[in-house]
Structure formats: C-alpha cells, structure tokens
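Coordinate analysis (summary)
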Amino acid sequence: MTDTAQLAVFIRGVTSDFKVIEELASVCSMHGTTRGEDIYAALMKVVDDLNLPLEKLLCIATDGANAMTCEKTALRGRIITKFQDLGLPLPKFLHCIIHQENFVAKLLKMEHVMSVIKPAANFIRSKGLKHRQFRSFLESLEVAYQDVPYYSEVRWLSRGKMLERAYILQEEIASFLESKGKEMPELRDGKFVCDFAFFVDITLKLNGLNKELQGKQNLLRDMCHSVRNFTDSLEWWIAKVSDGDVSDFHHLSNCSTHATNDYKEQLQALKREFDARFLDFKSMWSDIVLFTNPRSICPAEASRDIQPELISLRNNPALHHLFQPDSTLLDSYIGLSHNSYPNLINHGLRYLAMFGSIYVCESRFSMMKYIKTSAGQAHWGSLAWPVEDLLQ
C-alpha cells in the first residue's frame with residue numbers, strides 16, 4: 001500500500017517433548033532493492049538479532065521468486081554458500097506447495113469459457129450503479145444467490161467462486177446483460193454450457209485441494225498426502241470419463257451432452273502437470289512415510305542408524321498401540337523412549353518443524369493490507385480505551 005516491500009520471516013520449532021512453537025520472527029521493511037543479496041542480508045540480521053543457531057536450521061520454505069530460489073545469486077545460493085563455509089549440513093529448500101498447486105490450476109485455462117464469463121462478471125461488478133441494479137434484479141426474482149463475486153487473478157480461490165456463482169446464475173446474468181444491450185449467445189449453446197459446467201467442476205475440485213493445503217501449523221505430511229490423493233483421483237476421473245461416466249462432476253452430469261474426449265484431454269494435461277510439479281516434496285516422500293508411520297517401513301529400506309530402532313519398535317509388544325489408526329501422531333512419538341529410539345524421535349522432530357507452505361506469510365500480508373486501507377484504519381481506530389484503563 002505504501003510501495004515498501006515487506007519481508008515476513010516465520011519460524012517453527014519443536015521441543016524435545018514435541019511441543020510445536022510457531023511464531024513471527026520479524027517483518028523487515030525493505031526500502032531499496034529486493035534482490036537475493038538484500039533478502040539474505042535481512043534474513044541473517046533476523047538470525048543474529050534472535051541468536052538463532054544456524055546448525056538447527058532444517059528447512060526453508062519460500063515462494064518461487066527468482067530472488068528466493070536461484071542457486072547462484074538468490075537467497076538459496078547464498079545460504080548454501082554460508083552453510084558450506086561453516087561446514088554445516090545444508091537445509092532443505094521447499095517451494096511453497098500452495099503456490100505450486102496454484103500454478104498447476106492456472107494451466108487449466110479454457111479461454112473460450114473465461115473470455116465470455118469473466119468480462120460478464122466484471123461488467124456487473126465494475127460500476128456501482130450496474131452492481132446495485134443487478135442485485136435488485138436478483139432480489140426481484142427471489143433467487144438463492146443475490147450477487148456474483150468479482151474475479152481477481154491474485155486470489156487463490158477467486159476463479160472457482162466466480163465461475164460457480166456465474167454458472168448458477170447464468171440465466172439471470174444473460175437476461176440482465178441483454179437489458180443493457182450486451183448479448184450472450186454462448187449461454188444458449190449446449191456445447192459451451194457443458195464446457196462451462198466442466199470448468200466449474202474441476203476448478204472447484206482444485207479449490208478444495210487448495211483449502212486443504214491452507215492453515216497454520218499444517219503438517220508437511222498432511223499437505224503431501226492431499227496432493228497425492230488428488231493426483232490419484234485424477235487417474236480415477238480420467239478412467240471414468242474415458243468410459244463416458246461424468247458422475248463425479250456435479251454440474252457436468254446435469255448437462256444433456258458431454259464432449260468426454262475433450263474433458264479427458266484436459267484431465268490428462270492436468271495430471272501431467274501434477275506429475276511434473278512438487279518434485280521437492282516427492283524427493284522427501286519416503287522420509288515422510290517414515291515420519292507418518294514407522295511401522296509401514298521395511299527396516300532394510302531405512303538408513304542404517306534407524307534400522308535397529310525400527311526392528312525394536314516392530315517387536316516390542318508394549319509399543320503396539322503406537323502409530324495405530326486410533327492414536328495421534330504426536331502421542332505416538334511422545335510414547336517413545338529417548339534412550340531407546342533417539343534417531344526415530346529426531347527424525348520425527350525434524351519433519352514436525354518443517355514448513356510446507358508460506359501460508360502464514362500470506363495471511364500476515366493480508367492482515368497488513370487490511371490494516372493499511374482506510375476501512376481497516378477506521379476499524380482499528382474504533383478500538384479505544386481510557387488512558388487510566390490502559391495504565392491499570
């Protein structure tokens with residue numbers, strides 16, 4: 001809002017008794033350039049100010065900007081150089097899993113649908129008078145929904161929300177636009193309406209995945225499971241659509257005709273993009289499975305330092321209740337003895353501490369933007385207490 005770049009740094013730590021602590025370490029105002037060297041300098045200042053031991057830094061999650069991820073001049077490259085000079089094991093670098101999912105979702109463009117629906121929705125919302133007239137029009141018809149959301153490219157869930165509402169209100173939107181001298185013949189075309197329905201359905205499914213990935217203290221394990229489940233679901237949908245079965249697509253199944261070959265190709269392209277993305281997380285999958293349920297790992301497939309502990313865990317009848325479906329993950333790790341299972345416990349601590357996304361940063365920036373708007377300032381300005389109450 002003030003043309004000042006802000007760098008938010010959150011840290012997550014885990015105590016030896018598996019208490020997770022997640023806090024905002026600093027928000028750094030960057031008034032000049034925001035190159036890799038600038039971000040690195042700001043981050044190292046935070047580390048020095050808080051006396052954070054670099055040898056305990058396990059993982060860094062960032063967005064995909066070049067200033068963050070380039071292995072030479074960006075933050076990543078400078079941290080690698082720093083750790084190599086100090087002789088420390090390198091931390092893992094993760095590209096925010098929500099950002100990656102959002103990039104995959106953008107692959108599904110279906111421009112022939114968006115080029116019709118997006119201008120229609122934005123035409124209604126662009127002017128206050130038209131928007132009020134449209135809402136009054138919907139009120140007079142007594143329909144279930146009284147508005148259509150404004151489409152914003154930078155908001156993760158915006159496209160799905162706008163498309164779903166526009167699909168539900170397509171007849172009302174067409175009638176309103178016709179009254180304004182703007183025709184929408186596409187909504188009378190059965191093939192276009194089917195494409196529209198499919199686009200709504202698959203976008204809502206992607207929105208559902210996005211919501212699963214959001215949230216504070218969301219474990220890396222849960223995020224990876226959500227992405228893998230969605231990828232497996234894509235295979236299932238492709239097989240069903242190939243047989244002409246679109247029952248998994250709510251709006252599309254209500255259409256009279258289905259161009260299933262076109263939708264199969266769209267799903268296959270989406271599947272290929274999912275397979276090509278998330279490589280940083282896929283490389284950690286075996287370690288994530290070990291973290292989630294050590295019992296599911298064959299000891300011979302684990303590292304040598306953990307093999308004896310996995311064998312002991314399998315054959316210790318007193319610990320059979322741990323890592324079962326009815327026991328929580330944290331309680332299972334708390335139930336392990338530090339003396340008997342130090343490497344297994346250390347592995348669990350490491351994967352509990354890792355951020356899989358930068359959701360906490362995004363939510364912080366949203367809050368900052370709200371506070372800096374006139375509406376936000378008015379809201380916060382209304383929170384006032386007498387001075388004597390504050391002194392007490």
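Residues numbered from 1 in each chain as written. Predicted model: local features only at pLDDT ≥ 70, side-chain atom pairs only at ≥ 80, totals over all residues. Heavy atoms only, no water.

**Side note on the side chain of Glu101**
To be explicit about the condition: Going along the chain from the N terminus, every DSSP run of H or I of four or more residues is numbered as a helix, and every run of E of two or more is numbered as a strand. Relative accessibility under 20% of the residue-type maximum defines a buried residue, over 50% an exposed one, and the middle range a partly exposed one, all with a 1.4 Å probe and only protein chains included. Positive residues here are Lys and Arg, negative ones are Asp and Glu, while His and the chain termini are left out of the count. Salt bridge, as applied in this entry: a Lys or Arg side-chain nitrogen positioned within 4 Å of an Asp or Glu carboxyl oxygen. By definition, residues are in contact when any of their heavy atoms lie within 4.5 Å.
Within the fold, Glu101 resides in helix H4 (residues 97-107). Arg159 provides the closest opposite charge to the buried, unpaired Glu101, separated from it by 8.3 Å. The contact partners of Glu101, leaving out residues within four places of it in the chain, are Leu206, Leu209, Asn210, Leu213 and Phe278.

**Topic: the pairing of strand S1 (residues 5-14)**
To be explicit about the condition: Pairing between strands requires that DSSP locate at least two bridges from one strand to the other.
Pairing between S1 and strand S2 (residues 20-30): ten bridges, direction antiparallel. If you follow Ala5 over to S2, its bridge partner there is Met30. Between S1 and the antiparallel strand that follows it, S2, lie five residues; Phe18 among them carries a positive phi value of about 65 degrees.

**Remarks on the confidence of the model for the protein**
The condition that has to hold: In predicted models, pLDDT denotes the confidence assigned by the predictor to each residue on a 0 to 100 scale.
In the predicted model, the protein carries a mean pLDDT of 87, and 93% of its residues have values of at least 70. Throughout residues 377-392 the model reports pLDDT below 50, and contacts reaching past four residues in sequence, or to other chains, amount to seven contacts.

**Examining the packing of aromatic side chains**
The criterion, for reference: Stacked, tilted and edge-to-face are the three classes assigned to paired rings of Phe, Tyr and Trp, where Trp is represented by its six-membered ring and a pair needs centres within 6.5 Å; plane angles under 30 degrees give stacked, over 60 edge-to-face, the rest tilted. Only Lys NZ and Arg CZ are tested; either one counts as a charge over a ring when it is within 6 Å of the ring centre and within 35 degrees of the ring normal.
Tallying each qualifying case throughout the model produces 14 aromatic pairs. When the centroid spacing of 5.2 Å and the interplanar angle of 70 degrees are considered together, the rings of Phe134 and Phe176 count as edge-to-face. Note that Phe134 is positioned in helix H6 (residues 128-141) and Phe176 in helix H8 (residues 170-179), a separation of 42 residues in sequence. By the burial criterion, Phe134 is buried, and Phe176 matches it. If you follow Arg12 out to its NZ or CZ, it ends over the ring of Phe355, 4.4 Å from the centre. Over the aromatic face of Phe249 sits the side chain of Lys205, whose NZ or CZ is 5.3 Å from the ring centroid.

**What about the packing of helix H5 (residues 111-126) against helix H9 (residues 190-213)?**
In plain terms, the rule: Angles run from 0 to 180 degrees between N-to-C directions of axes, and those axes are lines fitted to C-alpha atoms, restricted for helices to the stretch in contact. We call two directions roughly parallel when the angle between them is under 35 degrees, roughly antiparallel when it is over 145, roughly perpendicular when it lies between 65 and 115, and oblique otherwise. In this classification, the charged set is Asp, Glu, Lys and Arg, the nonpolar set is Ala, Val, Leu, Ile, Met, Phe, Trp, Tyr, Cys and Pro, and all remaining amino acids, among them Gly, are polar.
The N-to-C vectors of H5 and H9 enclose an angle of 90 degrees; their axes lie 10 Å apart at closest approach. It follows that H5 is roughly perpendicular to H9 by the angle criterion. Along the contact surface, H5 presents His112, Val113, Met114, Val116 and Ile117, while H9 presents Phe192, Asp195, Phe196 and Phe199. For the contact of H5 with H9, the per-class residue count stands at seven nonpolar, one polar and one charged.

**A closer look at the pattern of salt bridges**
Oppositely charged side chains may form a pair once their charged atoms are brought near each other. Per the counting criterion, the structure on display carries 15 salt bridges. Salt-bridge contacts for Arg35 lead to Asp38; the nearest nitrogen and oxygen are separated by 3.6 Å.

**Points about unusual backbone geometry**
Of note, Asn51 is a non-glycine position whose phi angle comes to about 55 degrees, a positive value. Turning to its location among the elements, Asn51 is positioned in the loop between helix H1 (36-49) and strand S3 (59-62). In this structure, Glu142 takes a positive phi of about 55 degrees despite not being glycine. Mapped onto the elements, Glu142 comes out in the loop between H6 and helix H7 (158-168).

**Regarding the state of the cysteines**
What counts is decided by this rule: Any two cysteine sulfur atoms lying within 2.5 Å of each other are counted as a disulfide.
In this structure the tally under the stated criterion is zero disulfides. Cys224 provides the cysteine sulfur closest to Cys59, a residue in no disulfide bond, and the two sulfurs are 11 Å apart.

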